[in-house]
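# Structure at a glance
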Amino acid sequence: MIRPFDGERPAFVLETERTTYAFRILPTGQPEQLYFGRRVGIGGEAGLEALREKHAFAPGNTVTYDAEHPEYSLEDVCLEFSSLGKGDLREPMLELVRADGSRTSDFTYDSHFIDSEQPEQTPLPGSYSEDGTAEHLCVRYRDGGLTLETHYYVWPECDCICRRCVLKNGSGEPLDIERLLSAQLDLPRSGLSVTSFRGAWAREMSKVTVGLPGGKYTVESRAGLSSSRCNPFFIVHSPDATETAGDCWGFNLVYSGSHYAAVEVSPFGKTRIVSGIQPLGFRWKLAPGEKFTTPEAVMSFSAEGFSGLSRNMHFFVREHIVRGRWKHKARPVLLNSWEACYFNISESSLVSLAKAGRDVGIELFVMDDGWFGERNDDSRSLGDWEPNKKKLPGGLAGLAGKIKALGLDLGIWVEPEMVSVNSRLYEAHPDWAMAIPGKPHSEGRNQRLLDLANPAVQDFVIDKMTEVFSSADISYVKWDCNRVFSDVYSPYLPPERQGETAHRYMLGLYRVMRALTGRFTDILFEGCSAGGNRFDLGILSFFPQIWASDNTDAMSRAEIQEGYSYGYPQSCVGAHVSSSPNHQTLRDTPLDTRLNVAAFGLLGYEYDLRDIPAGKRKKLREQVETYKQWRDVLQWGQFYRVADGNDRIWCCVSPDKKRAVGLVLRTLMKPNDPHGIFYARGLDGERTYRFYNVPRPVDVKRFGSLVNTMAPFHIKQDSLIHDVVARVVKLPGEKEETTASGALLMHAGVKLAPAFAATGYDERVRFFPDFFSRLYFMEAAD
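Worth saying up front: this structure is predicted, and the values here are computed from it rather than measured.

## Here we look at the sheet that holds strand E10 (residues 175-180)
With antiparallel pairing, the three strands of this open sheet are ordered in space as E5-E10-E19. Where the open sheet ends on each side, the last strands, each with one partner, are strand E5 (94-97) and strand E19 (284-286). Between one strand axis and the next, the sheet turns through 30° on average, direction left out of account. Pairing between E10 and E19: three bridges, direction antiparallel. Within the sheet, the bridge partner assigned to Asp 176 lies in E19 and is Lys 285.

What follows is the structure in structure tokens.
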């Protein structure tokens, strides 16, 4: 709900189900941030007066705003936005250069309106609702002939507020925008902590927390993309915040390019948070009569710790970002050809791999890179999107027919934003690639970016992908983007507009994605960018899921997927089971663990299933069957991080709280430490649940030479006899089965069977060495 308080100095109160956001107009005309936190009863003018920061004299060695208000220095006020030149020395939200070269901006209140219009969806994507309405406040500020609009969109049920800015040039003179961020929040406190999610290729979303008693901390990408180096989602929180308690403010950006956020503590104990487009290298020329619109920033608050904030963000992404046919539709279990074949594909090998997938319950077969042009490695043919007839004699349609005949759907890999210098497309249109004329170009993965700032290039990509997607019965598209930006230059734009290149690229990309997802509404699109190099709300506005990382190692993936879980629901996270030793880490992990971790995402396989023995194939089939039985819970349930450390615990609970799946994942075995407790989260405390596992037999070979403590004759470790015994004799796994209240499962926990501790083993003992895991299932008994 949005409540305006009209008068000489208007004020605004934005309320969600559990939060209050309030600001008012100062006597000087700037907007003062009053409060953002748990919901409080502001009431009327008295409540606003209680929240107002009182000023009598400006602090020493500061600049007073004007002679009429000597009590105000903008450096010592919590503001809704800030600019340069009028005394606020903190991180600005906007920086403008006028025609005369001056940089001072002084926007003061002009007017406001409230309506139910949801954010515009073009050219930038934004939050939305299915019924086309939103709680919307627009406040206008003026500085001469310039108008700055700050837009607020309130989503009450998930405690999220979105902001974007629109700058309109009615001055009659051109100006340059060097910075126009999307949101600013000033908090009247310091000593907070900042948690961001950083990494690199194959190790995305590592959680990093720093205390900020003073100074500035940035959360940013300069990669041209939202980047695996630093995701745009971050949290500002009380230092003692936990999963279940503590003040947490979460921030994200509906944008896929380079982003910038800063958290800065002022000399007067106030904390400023700004977020938006990366200003480094950005310069936008705004002619008279034109306007510039920023991406949408997302803000949320929870007093219930990190889990409370995650619940807000998950609901927001599922209901107000993801859209289209696949928004609430169960995602298929897929088999991707990449780690089985890499570039060495043929129609016959793909069909044989798909047959092996069908036999274990796979629903969708995906042909990855290598099917087009002369694409036998990563040095050629990007842009030449015609099937290689030697590899696919019948083209995409021929392969699709054979895959469909197996009862599977077909998916394909594309990378439409890129071009290889060694390609027919580059030979015909070298000026369509992003490069500085006459300068050597620094390439990534032997490829260049197409200049999507150029409308002709956008049209080409739309037309060519339309041709490809229409040429066969294609059900899924993996859309890749395997490099970051370098030598940023658009041959299409004039020299004075090169500072617009990176942002115009994103606007062009969104135009392409909007056109293709609008034409092919039944296709399930999955975003990918060398794994998680572009995992953001902008992409999720078009593609309902994103490949989280090229690293499929289960132990690495557990950390990566948990990192994503702070700001993104598991229904967006692609997660696959692959072979062992893993191709990225060479780590050997049990098949159960690889499945158990991937099950808490959108399950797929990257595995040469043709080569596995019958026993393991049977186990894979059982895995897929179990996953399908619990798919609705794992994809659409509420995810909880229960514990991390050596034994990581997750829990996923169905929306009606009748069913839940829990995971315990061990990192390293600790000697003589047999006892473990599983704690659930999110259950109905008054309900009774059946808690159980599915016992798994244990391979005798896992015990090595200890087999001789049980065998009636000596068995040499790793001998032929050892192999024969292992095929015939399976040791029983432990069985967990109990009935308990939801309150007990959440607060007291279930004490599990003791883990092996070198003093004996039978069916009462949990075989739980390094990298092992267990799934536990909970079903309401009433």
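## Notes on the nonpolar core
Of all hydrophobic cores here, the largest spans 188 residues; its most connected members are Leu 14, Ile 177, Phe 316, Trp 371, Ile 412, Phe 469 and Tyr 605. Looking at this core element by element, the count peaks at eight residues for helix H8 (residues 501-519). Ignoring sequence-local partners within four residues, the contact set of Ile 412 consists of Val 366, Met 367, Trp 371, Leu 396, Val 468, Phe 469, Ile 474, Tyr 476, Val 477 and Lys 478. Listed in part, the 33 residues of the second largest apolar core include Val 642, Ala 711, Leu 731 and Val 750.

## Examining the packing of helix H10 (residues 554-565) against helix H11 (residues 591-598)
Between H10 and H11, whose axes approach to 9 Å, the crossing angle comes to 15°. In terms of orientation, H10 lies roughly parallel with respect to H11. Crossing geometry of H10 relative to H11 is assigned as left-handed. Judged by residue contacts, Ala 554, Met 555, Arg 557, Ala 558 and Gln 561 of H10 engage Thr 593, Arg 594, Val 597 and Ala 598 from H11. Grouping the constituent residues of the contact of H10 with H11 by class yields five nonpolar, two polar and two charged.

## With respect to the environment of Ala 554
As for its placement among the helices and strands, Ala 554 is situated in helix H10. On the basis of relative accessible area, Ala 554 is assigned to the buried category, the value being 2%. Spatially, the C-alpha atom of Ala 554 lies 6.7 Å from that of Thr 593, the residues being 39 residues apart in sequence. The contacts of Ala 554, once residues within four sequence positions are left out, are Thr 589, Thr 593, Arg 594 and Val 597.

Conventions used here
Residues numbered from 1 in each chain as written. Predicted model: local features only at pLDDT ≥ 70, side-chain atom pairs only at ≥ 80, totals over all residues. Heavy atoms only, no water. Pairing = 2+ DSSP bridges. Helix = DSSP H or I, 4+ residues; strand = E, 2+ residues; numbered from the N terminus. Axes fitted to C-alpha atoms, helices over the stretch in contact; angles between N-to-C directions. Core = buried A, V, L, I, M, F, W, Y, C linked by side-chain atoms within 4.5 Å. Buried < 20%, exposed > 50% of the residue type's maximum accessible area, 1.4 Å probe, protein only. Contact = heavy atoms within 4.5 Å. Parallel < 35°, antiparallel > 145°, perpendicular 65-115°, else oblique. Left-handed = near helix turned anticlockwise from the far one by under 90°. Nonpolar A, V, L, I, M, F, W, Y, C, P; charged D, E, K, R; others polar.

None of this, on its own, says anything about what the molecule does.
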